Amino acid sequence: MTERDWFAGPVAERYDESTAEMPVEPVLDFLEPFAGGGALELAIGTGRIALPLAERGVRVAGIDLSRDMVDQLRKKPGGDEIPVEIGDYATTRVDGTFSLAYIVFNSINNQTTQEGQVATFANAAAHLAPGACFVVEVGVRPPGRLTVFDLSDTHVGLDEYDADTQRLVSHHFTLIAGSWQRISMPFRAVSPAELDLMAQLAGLRLRERWSDWDRSPFTSESTKHVSVWEKG
């Protein structure tokens, strides 16, 4: 299970700035139709998705391991109105049931063991009403041991992958106040097929899978997928 808070301190303070260019509206447009009975975000973080979803009239709750990330959420308008439980999203429960649970931006990979990822699906399913859905956005691991996923004047991102253990370490080199700083975060890469099996163990069935939030087709060339599993 996830235990160390990799998003504490400066990471939480810079998180919104570092994700400022990531699209939000397509995510909201995709999620909202599933959220009529409320939405639970696993790894809610600073509320990048949860807050604007709540502004659309959706009842939103969240779980997050990082108090510092949630502190950033609380500083924003409406942030105090979203109930958030601090803890491991694989095991922490919140009150009530929902028509949607979701986890975005590779956060499922923050669980660095298969056990933790399986538990995440089970926990999401436990919060869902019959017919409700669990939505996951996660990257597809390209072949090769090393992959450069970002290269700019102020940030270099490099993934280091061990196929034997499925261990993935993302190295971030960021130019801050004139000096380069490095942070390396561990993840566990997981294939769509393995996620489908985890869903099956949790009583969920695959409903749809897309290459992105715009529902573009998922193909062998896709670099990520947005998958929807439905509770029977």
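Our structure is the block above this text.
Residues numbered from 1 in each chain as written. Predicted model: local features only at pLDDT ≥ 70, side-chain atom pairs only at ≥ 80, totals over all residues. Heavy atoms only, no water.

## Considerations on the sheet that holds strand 2 (residues 60-64)
Pairing between the strands of a sheet is mediated by backbone hydrogen bonds and can be parallel or antiparallel.
Phase 1: Spatially, seven strands are ordered 3-2-1-4-5-11-10 in an open sheet, and the strand pairing comes out mixed. The outermost strands of the open sheet, each flanked by one partner alone, are strand 3 (84-86) and strand 10 (204-210). Sheet twist, expressed as the average angle between the axes of neighbouring strands with direction ignored, equals 20°.
Phase 2: Bridging between strand 2 and strand 3 involves three bridges; their strand directions are parallel. Within the sheet, the bridge partner assigned to G62 lies in strand 3 and is V84.
Phase 3: Helix-sheet contacts for helix 5 (residues 114-126) involve strand 1 (39-42), strand 2, strand 4 (98-103), strand 5 (128-139), strand 10 and strand 11 (224-231), and the interaxial angle to strand 5 is about 145°. (Pairing = 2+ DSSP bridges. Helix = DSSP H or I, 4+ residues; strand = E, 2+ residues; numbered from the N terminus. Axes fitted to C-alpha atoms, helices over the stretch in contact; angles between N-to-C directions. Contact = heavy atoms within 4.5 Å.)

## Points about the pattern of salt bridges
Phase 1: Throughout the structure, instances matching the rule amount to twelve salt bridges.
Phase 2: One salt bridge connects R209 with D196, and the closest N-O pair in it is separated by 2.6 Å. Pair noted here: R209 is in strand 10 and D196 is in helix 6 (residues 192-201), with a separation of 13 residues, a long-range link.
Phase 3: For R209, a relative accessible area of 18% gives the class buried.
Phase 4: For D196, a relative accessible area of 23% gives the class partly exposed.
Phase 5: Among the charged side chains, a network of salt bridges with common partners joins E25, D29, E32 and R56. (Salt bridge = Lys/Arg side-chain N within 4 Å of Asp/Glu carboxyl O. Buried < 20%, exposed > 50% of the residue type's maximum accessible area, 1.4 Å probe, protein only.)

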